[in-house]
Amino acid sequence: MAGLGKEYKEGEVIVRQGETGNCMFVIQDGEVEAVAEANGKELRLRTMGPNEFFGEMALFENETRTATIRATRPTRILTIDKKNFLGGIHEDPSLAFRIVQTMSHRIRDLTDRLAKFEEGD
Amino acid sequence: MRMAEDLGLARDVGRKAQESQAWALQDGSRIAVIGAGPAGSMFSYFFLTMAETIGLDVGVDMYEPRRFCHRGPAGCNHCGGVVSETLIQRLATEGIMLPDSVVQRGIESYTLHMDVGDVEIATPLMEKRIAAIYRGNGPRQSVPLDTHSFDGYLLQLAEQKGARIISRLVTDVRREEDLMSVHCADQHCDQYELVVVASGVNSRLSEMLESQSHNFKRPARTKTFICEFHLGREVIRETFGPSMHVFLLDIPRLEFAALIPKGDYVTLCLLGDDIDDELMERFFSSPEVQNRFPGAIIPEHACHCYPRINIRAAVPAYGDRLVMIGDSGSTRLFKDGIGAAYKTAKAAAKTAVFHGVGAENFERHYAPLCQKINRDNQVGKFVFSVASLVQKARFARRGILHMTANEQKQTVSPRRMSDVLWDLFSGSESYTNVFLRTLHPAYIGSLLKNLVVGNLPGSAGRNAHSSSQENGHVQH
Ligand SMILES: Cc1cc2nc3c(=O)[nH]c(=O)nc-3n(C[C@H](O)[C@H](O)[C@H](O)COP(=O)(O)OP(=O)(O)OC[C@H]3O[C@@H](n4cnc5c(N)ncnc54)[C@H](O)[C@@H]3O)c2cc1C
């Protein structure tokens, strides 16, 4: 079959909250959902589709994964190694631009959500 | 054209500082990119992306007579079509995802074929991160499918960013007063603030530039061979799998030989010192190669070519308002040429957007990358000369086979030989990195042990006559 990356079935977990990781992922095809688990409940944070990435925090800090990522349908995902990524940034810092941009969008999104949540209180 | 004379390498620092503003591109400036192979398209794409982020409005004209939608040599930039693991990851990080119609096959292992046996080296992640692509729209006479040329896809990205495609062959580049002028075969002529030469080594343009400038040396090159075999998807899946097949054979002047499965075809790629009929004859008559094909019969090829490959960089690769990227400038020896095109294209684009288009700007911000590539190629030459010695020494091949096959059977221990071979075949790491890893005492110790064990009577490699398979070989 043509196409890059690894295939995941619907419902299959790609990363699990609380695990340590040393790579990030770029969705080639399909869709995933990010869910946070707390007190036995699942909160759906967002869904992501082709060309979007996740798991990038593991590249910058040695903390555990903050959410579980699951395929919502058959999905193909490419792994980006920490070594390759950080080596690339060392050679060419502009490689981090898109990630910084996306992280900034996500912070804005979370801030908006928090503001709405507090308004609702 | 005075290129080398204009480099300004000996200028004093005060003049540099003073001039840096003069070389900065302004709104309304124009750039010509000659050639829309990977280097030209990626330069245009990154240049226009970066210019947009800082609000710089510059026009980019890309000169390219080739139509990548054509089948056969007319639409093709002739190469093995392997996009390295490193480049796939870098492009994905940049937001460039190769569509399935461009990826003819995802490669997840390398199979090394030697007279002493075969061994398959699998990627540790069991994931397809190497792409087999067509540079054009597939071999001559191939049936039109839903496939897309790699070069065509990159060109489309550049076009979407705002580059203008000019379907003309450039015949001359001249310096005129403070600008550069580009002249085409049909008398078309235009002036630009910067000319980016990305015409590769299979064009007469660099010869023309060399004849006009006594200090400029175009890249040195050598003849290679590529052909396509039509075997059909099913046969390829059964006999080749998602694996690239690499041959380490005792054939003088042959540095690298590989069969790369793609869609309905398998691409053969022979690299070395001036590949000729005699060398090809020896290659095709070796049992290791014949046994790769169904019934050990090598079919007629559907398409073939003898492209040149860059084996030494252009010097210098820049001047005032002029820069050479990809194969026209510096590239990696025999490996990951598309990856080098990406790196040089992006470095030249960053220099032009953020620093300026003078020789000193390129010297400071672009030349270090070229020098790094060139230095690494020196190590690469040494690595290939060691590989040539291994090609001649059967006991060494047995040791390598034994060590790799054992590593492939284990899941946890370090796979030192497998990793070295993987990075060497795939071009994922620099030659320097690969070489330094072979100096590790654990690698040397393990190799010595395997040289002994692999040559003991009764070992698999020892009993092999032709194309036998080590246990590490995974059947598809
Ligand atoms: C046999 C062989 C196998 C290879 N295998 C691989 C591989 O598997 N993986 C890999 O990464 N690299 C491989 N390479 C190297 C790779 O092909 C090159 O490094 C890569 O194509 C360089 O890209 P480029 O854009 O610099 O030049 P090119 O790809 O050569 O593109 C140059 C472009 O300029 C255009 N052009 C030329 N002259 C003019 C002109 N006068 N006016 C206008 N346009 C012009 C051409 O039409 C062409 O489109 C291989 C090379 C060879 C020879």
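Parameters and conventions
- Residue positions within a chain follow its written sequence, with the count starting from 1.
- Whichever chain is written first becomes A and whichever ligand is written first becomes 1, with later ones labelled in order.
- Residue-level local features of this predicted model are given only where pLDDT is at least 70; pairs of side-chain atoms are given and counted only at 80 or more, and the full residue set underlies all totals for whole chains, interfaces and linings.
- Side-chain descriptors were evaluated using all non-hydrogen atoms of the structure, hydrogens and water having been removed beforehand.
- A run of H or I in DSSP counts as a helix once it spans at least four residues, and a run of E counts as a strand once it spans at least two, with each numbered from the N terminus.
- Only protein chains enter the accessibility calculation, which uses a 1.4 Å probe; a residue is then buried when its area is under 20% of its type maximum, exposed when over 50%, and partly exposed in between.
- Areas reported as accessible are Shrake-Rupley estimates using a 1.4 Å probe. Residue values count occlusion only from the protein chains shown.
- In summary, the charge assignment counts Lys and Arg as positive and Asp and Glu as negative, without counting His or the chain termini.
- Positions of charges follow a simple convention, taking NZ of Lys, CZ of Arg, CG of Asp or CD of Glu.
- By definition, two strands form a pair when at least two bridges between them are found by DSSP.
- Nearness of a residue to a molecule or strand requires only that one of the residue's heavy atoms be within 4 Å of it.
- Pairing of N or O atoms within 3.5 Å defines a polar contact, subject to two protein rules: one partner must be a possible hydrogen donor and the other a possible acceptor, and residues neighboring in sequence count only if both atoms are side-chain atoms.
- These domain limits were set by an automatic method or by a database of domain assignments.
- Each axis is a line fitted through C-alpha atoms, taken for helices only over the stretch in contact, and angles between the N-to-C directions span 0 to 180 degrees.
- Pairing of aromatic rings covers Phe, Tyr and Trp, the last counted by its six-membered ring, and requires centre-to-centre distances within 6.5 Å; plane angles under 30 degrees mean stacked, over 60 mean edge-to-face, and any other angle means tilted.
- Here, over-ring charges are defined by two tests on the NZ atom of lysine or the CZ atom of arginine: distance to the ring centre within 6 Å, and angle to the ring normal within 35 degrees.
- The contact criterion used is simple: two residues touch if any of their non-hydrogen atoms lie within 4.5 Å.
- Note on definitions: buried area is the accessible-area loss of two parts on being combined, 1.4 Å probe, summed for both.
- Residues are grouped as follows: Ala, Val, Leu, Ile, Met, Phe, Trp, Tyr, Cys and Pro are nonpolar; Asp, Glu, Lys and Arg are charged; every other residue, Gly included, is polar.

S.K.: How would you sum up the overall build of chain B? Please name residues and give values.
M.R.: Each helix and strand in chain B was counted, giving 16 helices and 21 strands. Dimensions of chain B, computed from the C-alpha atoms along their principal axes, are close to 75 × 50 × 40 Å. Out of the 476 residues in chain B, the part that is buried amounts to 59%. Summed over its atoms, the accessible surface of chain B is roughly 18800 Å², and 53% of this surface lies on carbon and sulfur atoms. Charge separation in chain B, taken as the distance between the mean sites of 52 positive and 54 negative side-chain charges, equals 4 Å.

S.K.: Let's hear about helix H13 (residues 416–426) of chain B: which residues, and what values?
M.R.: All names here are of chain B. Across the 11 residues that make up H13, a large majority, 9, are buried. Among all positions of H13, only Met417, Ser418, Val420, Leu421, Trp422, Asp423, Leu424, Phe425 and Ser426 are buried. Gly427 lies just past H13 and shows a positive phi near 70 degrees.

S.K.: Any chance you could break down the pairing of strand S4 (residues 103–107) of chain B for me, citing the residues and the numbers?
M.R.: Residue and element names in this part refer to chain B. The element S4 is largely enclosed, with a buried count of 5 among its 5 residues. Sheet topology places S4 next to strand S7 (residues 130–133); 4 bridges connect them, and they run antiparallel. From the neighbouring strand, Gly106 faces S7, where its bridge partner is Ala131.

S.K.: Residues and numbers for the site of the ligand, please.
M.R.: Residues and elements named next belong to chain B. Close to the ligand lie 36 residues; Glu64, Val82, Arg135, Val170 and Asp327 are nearest. A distance of 2.5 Å separates an oxygen atom of the ligand from a polar atom in the side chain of Glu64. Separating an oxygen atom of the ligand from a side-chain N or O atom of Arg135 is a distance of 2.8 Å. Here the ligand has 1000 Å² of accessible area as a free molecule, and 93% of this is covered by the chains. For the shell around the ligand, the secondary-structure elements that each account for two or more residues are helix H2 (38–53), strand S17 (265–272), strand S19 (308–312) and helix H9 (337–354). If you count residues domain by domain, the shell around the ligand takes at least three from each of domain 1 (26–81 + 142–220 + 312–379) and domain 2 (105–133 + 225–306 + 393–471).

S.K.: Go over the environment of Arg174 of chain B with me, naming the residues and quoting the values.
M.R.: All names here are of chain B. Considering the arrangement of structural elements, one finds Arg174 in strand S9 (residues 170–176). Exposure remark for Arg174: the relative accessible area of 36% places this residue in the partly exposed category. Once the C-alpha coordinates of Arg174 and Val195 are considered, the two residues, 21 residues apart in sequence, prove to be 9.8 Å apart. There is a polar contact of 2.8 Å between the side chain of Arg174 and the side chain of Asp172.

S.K.: How would you summarise the sheet that holds strand S4 (residues 32–38) of chain A if you had to cite specific residues and measurements?
M.R.: All names here are of chain A. Reading across the sheet, the 4 strands line up as S2-S7-S4-S5 and stay open at both edges, with antiparallel pairing between neighbours. Sheet topology places strand S2 (13–15) and strand S5 (41–48) at the edges, where each strand pairs with a single neighbour. On average, adjacent strands in this sheet sit at an angle of 35 degrees to one another, irrespective of strand direction. Note: S4 against strand S7 (residues 68–71), 4 bridges, orientation antiparallel. Following the sheet pairing, Val35 is matched in S7 by Thr68.

S.K.: So what's going on with unusual backbone geometry? Which residues, and what values?
M.R.: Residue and element names in this part refer to chain B. Val315 connects to Pro316 through a cis peptide bond whose omega is -20 degrees. The phi dihedral of His78 falls on the positive side, at around 45 degrees, and the residue is not glycine. Within the secondary structure, His78 sits in the loop between strand S2 (59–63) and strand S3 (82–83). One non-glycine residue, Ala296, adopts positive backbone phi at about 55 degrees. With respect to the element layout, Ala296 can be found in the loop between helix H8 (287–290) and strand S18 (301–305). Overall, Ala296 belongs to the partly exposed group, its relative accessible area being 34%.

S.K.: Which residues make up the pairing of strand S3 (residues 23–29) of chain A, and what values go with them?
M.R.: Residue and element names in this part refer to chain A. In terms of burial, S3 is a largely internal element, 6 of the 7 residues being buried. Sheet topology note: the S3/strand S8 (residues 75–81) ladder contains 6 bridges and is antiparallel. If you follow Val26 over to S8, its bridge partner there is Leu78. Bridge count for S3 against strand S6 (residues 53–54) is 2 bridges, and the pairing is antiparallel. By the bridge assignment for S6, Val26 is matched with Phe53.

S.K.: Please provide a residue-by-residue account of the packing of aromatic side chains, values included.
M.R.: Across all of its chains, the model carries 17 aromatic pairs over all chains by this definition. When the ring of Tyr110 of chain B is compared with that of Phe425 of chain B, the centres are 5.8 Å apart and the planes differ by 35 degrees; the resulting orientation is tilted. Of this pair, Tyr110 of chain B sits in strand S5 (residues 109–114) while Phe425 of chain B sits in helix H13; the two residues are 315 residues apart in sequence, bridging distant segments of the chain. In this structure Tyr110 of chain B comes out as buried when scored by relative accessible area, which is 0%. Ring plane angle 70 degrees and centroid distance 5.1 Å describe the contact between Phe229 of chain B and Phe293 of chain B, whose orientation is recorded as edge-to-face. With Phe229 of chain B in strand S14 (residues 225–230) and Phe293 of chain B in the loop between H8 and S18, this pair connects stretches of sequence that are 64 residues apart. Just as Phe229 of chain B is buried, Phe293 of chain B falls in that class too. Three or more aromatic residues joined by ring pairs make a cluster, and in this case those are Tyr45, Phe46 and Tyr342 of chain B. Over the ring of Phe53 of chain A we find Arg106 of chain A; its NZ or CZ atom is 5.4 Å from the centre of that ring.

S.K.: Mind laying out the domain arrangement of chain B, listing which residues take part and the relevant values?
M.R.: Residue and element names in this part refer to chain B. Parsing chain B into structural domains produces domain 1 (26–81 + 142–220 + 312–379) and domain 2 (105–133 + 225–306 + 393–471). Taken together, the 17 residues of domain 1 in the interface contact 26 residues of domain 2. Buried surface at the junction of domain 1 and domain 2, both sides included, amounts to about 1600 Å², of which 62% is carbon and sulfur. When residues of the side of domain 1 that touches domain 2 are assigned to their parent elements, the largest contribution, 3 residues, is made by helix H11 (residues 367–392). Of the residues in the side of domain 1 that touches domain 2, the class split is 7 nonpolar, 6 polar and 4 charged.

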